[in-house]
Amino acid sequence: MNILPFVPARHARDAVGIYVQALFQKLRPFFGTAEQAIDFLAPHLRPDRAIVAVDGGRLLGVAGFRMDGTGLFEPGWSDFRRSYGFFGAAVRVAGLSLLEKPEDDRTLAMDGIAVTGAARGRGAGTELLAEICRIARTSGRHAVRLDVIDTNPRARALYERNGFVAGKVTQLGPLSRLFGFSTATAMVKRLAPCDPGPVAASEIRHEGQNGAD
């Protein structure tokens, strides 16, 4: 398994597909079907805001992050308006803004992580998190932050095994009917200067997951 600090062009649409399938519970209210979400997001993928796990030409997983004001996908207002009209664009832009993660100079905000079924038991999620932490340290960040929803306990278990600690819990209230989950928990991993990173994948080869938020 190799971890690449960008999305190769040949894997771009597959990376979007893996991401959408894993996070579709969040994306469904805005795009309707997974294929519609993939079609809209694929042209706006930022290859330099993601890392991927590949093995023998197969894409096993992808993790996105925000840096310098840009994230994994960067569609503009005109892209939404062209696809959904003025009102549809306004609704989607406003709704998706609720899912945006804050960015600051000390914390690297993740834009989601997802791995395929083929990666289960191979430690792909752990290796992706390790590379995210390396990028954070290299860029001078002191922590990595992500959100996990209450309907994805497998993802939360992965994060906890790799040193992420639960923090603020956001209640969706009436919006829970729209999104299909009730809470989102912020999880943070503090990065000490000598932090060796998450547990080596070779030590947990029997661990894995289908997708994470």
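Reference entry: report on the structure contained in this document. (Residues numbered from 1 in each chain as written. Predicted model: local features only at pLDDT ≥ 70, side-chain atom pairs only at ≥ 80, totals over all residues. Heavy atoms only, no water.)

## Considerations on the environment of Val54
Consideration 1: Tracing the chain through its elements places Val54 in strand β2 (residues 50-55).
Consideration 2: The class for Val54 is buried, based on a relative accessible area of 10%.
Consideration 3: As a C-alpha pair, Val54 and Leu158 span 104 residues in sequence and 19 Å in three-dimensional space.
Consideration 4: What Val54 contacts, discounting residues up to four positions off in sequence, is Met1, Asn2, Leu4, His11, Leu59 and Leu60. (Helix = DSSP H or I, 4+ residues; strand = E, 2+ residues; numbered from the N terminus. Buried < 20%, exposed > 50% of the residue type's maximum accessible area, 1.4 Å probe, protein only. Contact = heavy atoms within 4.5 Å.)

## Some thoughts on the layout of surface pockets
Gaps between atoms show up when a probe of the same size as a water molecule is rolled over them.
Consideration 1: Within this model, the largest pocket holds a volume of roughly 580 Å³.
Consideration 2: Arg66, Phe73, Leu96, Leu99 and Glu100 are, among the 24 residues lining the largest pocket, the residues nearest its centre.
Consideration 3: For the lining of the largest pocket, the class distribution of residues is 13 nonpolar, 4 polar and 7 charged.
Consideration 4: The computed volume of the second largest pocket comes to approximately 330 Å³.
Consideration 5: Residue lining of the second largest pocket: 18 residues in total, with Leu98, Leu99, Asp147, Thr170 and Ala184 positioned closest to the centre.
Consideration 6: Of all the secondary structure elements, the ones that give two or more residues to the lining of the second largest pocket are β5 (143-149), β6 (165-171) and β7 (183-190).
Consideration 7: Counted by class, the lining of the second largest pocket contains 9 nonpolar, 3 polar and 6 charged residues. (1 Å grid on protein atoms, 1.4 Å probe; cavity = no way out; pocket = protein on both sides within 12 Å on 5 of 7 lines; lining within 4 Å. Points joined across faces, edges and corners; volume = space filled by probe spheres on them. Nonpolar A, V, L, I, M, F, W, Y, C, P; charged D, E, K, R; others polar.)

## A short note on the nonpolar core
Consideration 1: Counting residues in hydrophobic clusters, the biggest one holds 33 residues, and the most contacted among them are Val20, Phe31 and Leu41.
Consideration 2: Looking at this core, the elements that each hand over two or more residues are α1 (12-31), α2 (34-41), β2, β3 (58-66) and α3 (77-97).
Consideration 3: With 10 residues, the top contributor of residues to this core is α1.
Consideration 4: Listed in part, the 27 residues of the second largest apolar core include Ala53, Ile113, Leu129 and Met187. (Core = buried A, V, L, I, M, F, W, Y, C linked by side-chain atoms within 4.5 Å.)

## Some points on unusual backbone geometry
Consideration 1: With a phi close to 55 degrees, Asp68 is a non-glycine residue in the positive phi region.
Consideration 2: Topologically, Asp68 is positioned in the loop between β3 and α3.
Consideration 3: Given a relative accessible area of 63%, Asp68 falls into the exposed group.

## Remarks on a nonpolar patch on the surface
Consideration 1: A contiguous nonpolar patch, built from Trp77, Phe86, Phe87, Val91 and Val93 and spanning about 520 Å² of accessible area, is present on the exposed surface.
Consideration 2: Structurally, the position occupied by Val93 is in helix α3. (Patch = residues over 30% accessible without salt bridge, like charges linked within 9 Å, V, L, I, M, F, W, Y side chains within 5 Å. Areas by Shrake-Rupley, 256 points an atom, 1.4 Å probe, with all protein chains shown as cover. Salt bridge = Lys/Arg side-chain N within 4 Å of Asp/Glu carboxyl O.)

## Looking at the pairing of β3
Consideration 1: Of all 9 residues in β3, 8 are buried; the element is thus mostly enclosed.
Consideration 2: Hairpin connection between β2 and β3: a loop of 2 residues separates the two successive antiparallel strands, and Gly56 in this loop has a positive phi of roughly 60 degrees.
Consideration 3: In this sheet, strand β4 (residues 107-115) lies alongside β3 in antiparallel orientation, the contact comprising 6 bridges. Directly across from Gly64, in β4, lies its bridge partner Gly112. (Pairing = 2+ DSSP bridges.)

Limitation: the analysis is restricted to geometry and does not speak to function.
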